[in-house]
Amino acid sequence: MAILERRTDRGPVLRYEFSQTVTLLGRSSDCEVVVEDSRVSRHHAEIAKCDGEFILSDLRSSNGTFLWTFANQVNPSFVVTCS
């Protein structure tokens, strides 16, 4: 299982837990993780499970996809290893 936390300037931290093979993120209601933000594309990114790791991939979104690491560095292509 992987955990995704979405932090915003206003409001609570949103937490999503998932274990599907592929999880779709975006504004569209057919996404598993719906992000209501005008900067997010309808189908913005996906998280795919592969050999015990979760890989975040941008789906040619207009504004790109970035993930904050625990070291507070932005890394656009980051593999999250899960225990």
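Residues numbered from 1 in each chain as written. Predicted model: local features only at pLDDT ≥ 70, side-chain atom pairs only at ≥ 80, totals over all residues. Heavy atoms only, no water.

**Some details on the overall build of the protein**
Right, so step 1: If you tally the helices and strands in the protein, you get 0 helices and 9 strands.
Right, so step 2: Counting only contacts in the protein whose residues sit at least 6 apart along the sequence, the fraction spanning at least 24 positions is 23%.
Right, so step 3: Accessible surface for the protein amounts to roughly 6100 Å². Of this, 49% is attributable to carbon and sulfur atoms. (Helix = DSSP H or I, 4+ residues; strand = E, 2+ residues; numbered from the N terminus. Contact = heavy atoms within 4.5 Å. Areas by Shrake-Rupley, 256 points an atom, 1.4 Å probe, with all protein chains shown as cover.)

**Some points on the environment of Gln20**
Right, so step 1: Here Gln20 lies in the loop between strand E2 (14-18) and strand E3 (22-26).
Right, so step 2: The class for Gln20 is partly exposed, based on a relative accessible area of 35%.
Right, so step 3: A sequence separation of 19 residues divides Gln20 from Met1, and the C-alpha atoms of the two residues are 8.3 Å apart.
Right, so step 4: Setting aside chain neighbours within four positions, we find Gln20 in contact with Glu32, Lys49 and Phe54. (Buried < 20%, exposed > 50% of the residue type's maximum accessible area, 1.4 Å probe, protein only.)

**Notes on the environment of Ala45**
Right, so step 1: The topology assignment puts Ala45 in strand E5 (residues 45-50).
Right, so step 2: Taking the C-alpha atoms as reference, Ala45 lies 7.0 Å from Thr65; in sequence the two are 20 residues apart.
Right, so step 3: If we ignore the near neighbours within four places in the chain, the residues touching Ala45 are Thr23, Leu24, Leu25, Leu56, Ser57, Asp58, Leu59 and Thr65.

**Some details on the confidence of the model for the protein**
Regions with low pLDDT should not have their predicted coordinates read in detail.
Right, so step 1: On average, residues of the protein score 78 in pLDDT, and 80% of them reach the 70 mark or higher.
Right, so step 2: When mean pLDDT is compared element by element in the protein, E3 scores highest at 92, while strand E9 (residues 79-81) scores lowest at 42.
Right, so step 3: A low-confidence stretch, residues 75-83 (pLDDT under 50), is modelled with 19 contacts involving residues beyond four sequence positions or located in other chains. (pLDDT = per-residue confidence, 0-100.)

**Things to note about the nonpolar core**
Right, so step 1: Counting 13 residues, the largest nonpolar core has Leu4, Phe18 and Ile47 as its most contacted members.
Right, so step 2: Only strand E1 (2-6), E2, E5 and strand E6 (53-58) provide two or more residues apiece to this core.
Right, so step 3: Beyond its immediate stretch of four places on either side in the chain, Phe18 contacts Met1, Ala2, Leu4, Thr23, Ile47 and Phe54. (Core = buried A, V, L, I, M, F, W, Y, C linked by side-chain atoms within 4.5 Å.)

**Concerning the side chain of Thr23**
Right, so step 1: Note that Thr23 resides in strand E3.
Right, so step 2: Leave out the neighbours within four places in its chain, and Thr23 touches Phe18, Glu32, Val33, Ala45, Glu46 and Ile47.

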